[in-house]
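Report on the structure
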Amino acid sequence: MASAIFSLILLITAVWAMIFVGLAAIFLFVVPIPDVISGNVGIFFSSVLQVLISGALTMLWLISIWQLRNYYVRKKILNLSNKE
Amino acid sequence: MLQMTTLELTTAVLSFILPFVTIIILTPFVIKILSNHGKLVQDFHKPGKPLVPKPGGPVIIVSLILGESIIYFATGEINALVLVLVTVIAGVIGIVDDIYTLSGILKPALLITASLPILVFGAYSFNIDFPIFGAVRLSIIYPLLVLIAIPVTANTINTIDVLNGAVSGFIAIASVPLLFAFLFIGSFNSVLLVLPLLSVSIGFFIFHRFPSKIFPGDSGSLSLGAIYGAIVIVGGIEIVGIIALLPAILNSFFFLSSVKRFVEHRQIKERPVKVLDGNMLAASRSGSAPITLVRLILADRPLLEKDIVLNILKLVSFSSFLAIITAVLTWVI
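Residues numbered from 1 in each chain as written. Chains lettered and ligands numbered in written order. Predicted model: local features only at pLDDT ≥ 70, side-chain atom pairs only at ≥ 80, totals over all residues. Heavy atoms only, no water.

A short note on the overall build of chain B
- Across its full length, chain B carries 12 helices and 7 strands.
- Seen through its C-alpha atoms, chain B measures out along the principal axes to roughly 55 × 45 × 35 Å.
- The buried share among the 333 residues of chain B stands at 56%.
- Just so you have it, chain B exposes about 13300 Å², and 70% of that area is on carbon and sulfur atoms.
- Side chains of chain B carry 20 positive and 16 negative charges; the gap between the two charge centres is 9 Å. (Helix = DSSP H or I, 4+ residues; strand = E, 2+ residues; numbered from the N terminus. Buried < 20%, exposed > 50% of the residue type's maximum accessible area, 1.4 Å probe, protein only. Areas by Shrake-Rupley, 256 points an atom, 1.4 Å probe, with all protein chains shown as cover. Lys, Arg positive; Asp, Glu negative; His and termini not counted. Charge placed at Lys NZ, Arg CZ, Asp CG, Glu CD.)

Details of helix H4 (residues 106–120) of chain B
Residue and element names in this part refer to chain B.
- Spanning 15 residues, H4 covers 23 Å between terminal C-alpha atoms, matching the ideal 21 Å at 1.5 Å per step.
- If you look at H4, its biggest bend is around 30°, right at Ala114, and the proline Pro117 turns up within four residues after that.
- Among all positions in H4, only Lys107, Pro108, Leu111, Ala114, Ser115, Pro117 and Ile118 are buried.
- Buried residues belonging to H4 abut helix H3 (78–100), helix H5 (141–159) and helix H8 (217–235).
- Of the residues trailing H4, Gly122 is marked for its positive phi of about 60°. (Expected span 1.5 Å × (residues − 1). Bend = angle between axes of the 7 residues up to and from the residue. Contact = heavy atoms within 4.5 Å.)

A short note on the interface of chain A and chain B
- Each partner contributes to the interface: chain A provides 29 residues, whereas chain B provides 39 residues.
- At the boundary of chain A with chain B, total buried surface from both sides reaches about 3200 Å², with 80% on carbon and sulfur atoms.
- The interface formed by chain A and chain B contains 0 salt bridges.
- At the junction of chain A with chain B, the criterion picks out 4 residue pairs in polar contact (both at pLDDT 80 or more).
- At the level of secondary structure, the elements contributing two or more residues to the side of chain A that touches chain B comprise helix H1 (2–30) and helix H2 (40–83) of chain A.
- Ranked by the residues each element gives to the side of chain A that touches chain B, the list is headed by H1 of chain A, at 15 residues. (Buried area = accessible area lost by both parts, 1.4 Å probe. Salt bridge = Lys/Arg side-chain N within 4 Å of Asp/Glu carboxyl O. Polar contact = N/O pair within 3.5 Å; in protein donor to acceptor, adjacent residues only side chain to side chain.)

Examining the environment of Ala172 of chain B
- With respect to the element layout, Ala172 of chain B can be found in helix H6 (residues 166–185).
- When near neighbours in sequence (up to four residues on either side) are disregarded, Ala172 of chain B contacts Leu198, Ser201 and Ile202 of chain B.

Quick look at the environment of Gly122 of chain B
All names here are of chain B.
- On the secondary structure map, Gly122 appears in the loop between H4 and strand S3 (127–130).
- For Gly122, a relative accessible area of 45% corresponds to the partly exposed category.
- When the C-alpha positions of Gly122 and Thr159 are compared, they lie 29 Å apart, and in sequence the two are 37 residues distant.

Focus: unusual backbone geometry
Residue and element names in this part refer to chain B.
- For the bond from Lys54 to Pro55, the omega torsion is 5°, close enough to zero to count as cis.
- On the secondary structure map, Pro55 appears in the loop between strand S2 (51–53) and helix H2 (57–75).
- With an omega dihedral of -10°, the bond running from Phe210 to Pro211 counts as a cis peptide bond.
- Note on placement: Pro211 falls in the loop between helix H7 (188–208) and H8.
- If you check the backbone angles, Lys49 has positive phi at about 45° while not being a glycine.

What about H7 of chain B?
- Taking 1.5 Å as the rise per residue, H7 of chain B with 21 residues should run 30 Å; its terminal C-alpha atoms sit 30 Å apart, in good agreement.
- Burial of H7 of chain B is extensive: 17 of the 21 residues sit out of reach of the surface.

Side note on the sheet that holds strand S7 (residues 303–304) of chain B
All names here are of chain B.
- The antiparallel open sheet is built from 3 strands, whose spatial order is S5-S6-S7. The open sheet terminates on both sides in strands that have one partner only, identified here as strand S5 (273–275) and S7.
- Judged from the 3 bridges that link them, S5 and strand S6 (residues 280–283) form a sheet pairing that is antiparallel. Pairing of Lys274 across the sheet is with Ala282, part of S6. (Pairing = 2+ DSSP bridges.)

Section: the pairing of S3 of chain B
- Where burial is concerned, the two faces of S3 of chain B differ: the one with Ile128 and Phe130 of chain B is buried and the one with Asn127 and Asp129 of chain B is not.
- Linkage of S3 of chain B to strand S4 (residues 134–137) of chain B, two consecutive antiparallel strands, is achieved through a turn of 3 residues, within which Ile132 of chain B is found at a positive phi near 70°.

Description of the packing of H2 of chain B against H7 of chain B
All names here are of chain B.
- Interhelical geometry of H2 versus H7 gives an angle of 155° and a closest axis separation of 9 Å. It follows that H2 is roughly antiparallel to H7 by the angle criterion. In this structure, H2 crosses over H7, and the sense of that crossing is right-handed. Seen from H2, the contacting residues are Ile60, Ser63, Leu64, Gly67, Glu68, Ile71 and Thr75; seen from H7, they are Asn189, Leu192, Leu193, Pro196, Leu197, Val200 and Phe204.
- Class assignment of the residues belonging to the contact of H2 with H7 gives a composition of 9 nonpolar, 4 polar and 1 charged. (Axes fitted to C-alpha atoms, helices over the stretch in contact; angles between N-to-C directions. Parallel < 35°, antiparallel > 145°, perpendicular 65-115°, else oblique. Left-handed = near helix turned anticlockwise from the far one by under 90°. Nonpolar A, V, L, I, M, F, W, Y, C, P; charged D, E, K, R; others polar.)

Set out below in structure tokens:
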């Protein structure tokens, strides 16, 4: 029974680890983005930019999970279907 | 070190014991009432499709409200009142769904109203605590995230309610890292908020486990998911909550990304799992069947229903362990 969920435990671990990778990218590169224009307009502009980049990284995270799922399904489910 | 007064300790004991006793006493009555009124549904994953009473959700809702009310009246903790309101709204939507079957779009849309008590009472912080890196203030986006958080968690938990004992066991285990997170933060009032959820899910699991004597229905799973999401938000432990729920989140994500639309599960034509002879369940090998966690668990070989549920509970135990590690990285180290 252990083998049935081992791959899924690996998948959950990968998703968890990717949260930390994404957070590292956001905190090290996105949060320190400086205000290119001074004043409230600059703060607004850099805030919007930070949100957009963070959103793009989140999308990248979701796409990675989707690709992992596709790999798992191809290898474990559809592959067996072809053999049957 | 967490300091407790006698009142807090008494509240903790009562908010755990009373909802548990309530669900243990009321559920057999509800099973009898539902059976007498013909409120029975087929258990699709068993040979012969036996009839099981549904919904047990009202018992779950009453027990959760009782537990959180005890906390509110004993401590004056406003977050407990917020949780009562969230549970009532999500529970009512769930009961309506149990009776009339809401569409895949209408249900999450209505559940947005369950987020309103959190916003109205301002029971959230704009700062999200992240592990290792610290906190970030999300002044504009966070209230919008709160608005969709309850529909998302409620529906996520709803989608894991597929086999006997899965949702009640799942929530019972996923509640444990919330307790750890609040202990690490040193917020005893927040620890109290989790106790009714833990006791109710354990209590209902006794009747819901394989072979189920009652199903929670959407009223049960939506109220459990909604209060879970609300506890995570009002307690400010969003990341821990997300990680504890990872198996259910992945299940929802896999399902939505394979069917590519919001759809009520009863409308799915091709089932992801098929019942074999001898109580075994097997994954559908069809390329067009939805991808679900259960289908992935069955990818290697057919299993008995109770073994699949055991695997789901093992997965949530593992994600809860990762959530506790995350809590340590956030508030201890």
